[in-house]
Amino acid sequence: MDKNKIETFKEKLLKEERRLAEELETMHSENVNTRFNPEEYGGDGNYEDHIADAASNTFDRERDLSLEQNIQDLLAQVGDALRRIKDGTYGRCTNCDKLMAEARLRAIPYADLCIDCKEEEERHR
Ligand SMILES: [Zn+2]
């Protein structure tokens with residue numbers, strides 16, 4: 001792949017990396033206020049309500065965690081792609097070493113498997 005194209009993909013990846021990092025940041029600052037704090041539920045009034053609140057907070061927390069996990073996975077993939085650009089192996093499938101279709105990279109700049117290997121991987125999941 002020629003240098004200009006790689007440069008374009010690199011910019012896309014860096015932008016994506018920034019966006020994901022910001023998303024994580026926002027997620028963390030929001031979580032501080034919604035996290036369940038048992039201290040605040042000390043002895044006043046309705047115990048049942050507290051349990052229900054605690055349960056829904058736990059649910060939110062779990063949902064946030066899997067979302068966060070997702071973003072962290074993506075960040076890792078973007079980081080790997082940037083490393084491959086440095087190594088000069090960007091655009092090649094990390095499994096079969098075939099050059100990936102440019103359309104695939106345009107859709108998913110951090111793709112590490114060609115479409116064939118990706119399908120193969122999904123069949124075996
Ligand atoms: Zn492949």
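The present account deals with the structure reproduced in this document. Bear in mind the structure is a predicted one, so any value in this text is a computation, not a measurement.

Topic: the coordination of the zinc ion
Then comes step 1: Looking at the zinc ion, one finds its protein donor set to be Cys93 (SG), Cys96 (SG), Cys114 (SG) and Cys117 (SG), positioned 2.2 to 2.4 Å from the metal centre.
Then comes step 2: In this structure, the zinc ion is coordinated by four donor atoms arranged in tetrahedral fashion, with angles at the metal of 105 to 114 degrees.
Then comes step 3: Between the donor residues of the zinc ion, the gaps in sequence give the motif C-x2-C-x17-C-x2-C. Residue Cys93 is found in the loop between helix H2 (47-87) and helix H3 (102-107), and its partner Cys114 is found in the loop between H3 and helix H4 (115-123); the two are separated by 21 residues along the sequence. By the burial criterion, Cys93 is buried, and Cys114 matches it.

Focus on the pattern of salt bridges
Then comes step 1: Tallying each qualifying case throughout the model produces 11 salt bridges.
Then comes step 2: A salt bridge links Arg63 to Asp64; its shortest N-O distance comes to 3.8 Å.
Then comes step 3: For Asp64, a relative accessible area of 13% gives the class buried.
Then comes step 4: Between Arg106 and Glu102 there is a salt bridge, and its shortest N-O distance comes to 3.2 Å.

Thresholds, definitions, all that
- Residues numbered from 1 in each chain as written.
- Predicted model: local features only at pLDDT ≥ 70, side-chain atom pairs only at ≥ 80, totals over all residues.
- Heavy atoms only, no water.
- Donors = N, O, S within 2.8 Å, 3.2 Å for Na, K, Ca; no water.
- Tetrahedral: all angles 85-135°; square planar, octahedral: opposite > 155°, others 65-115°.
- Helix = DSSP H or I, 4+ residues; strand = E, 2+ residues; numbered from the N terminus.
- Buried < 20%, exposed > 50% of the residue type's maximum accessible area, 1.4 Å probe, protein only.
- Salt bridge = Lys/Arg side-chain N within 4 Å of Asp/Glu carboxyl O.

Read these as layout, nothing more, since geometry by itself doesn't imply function.
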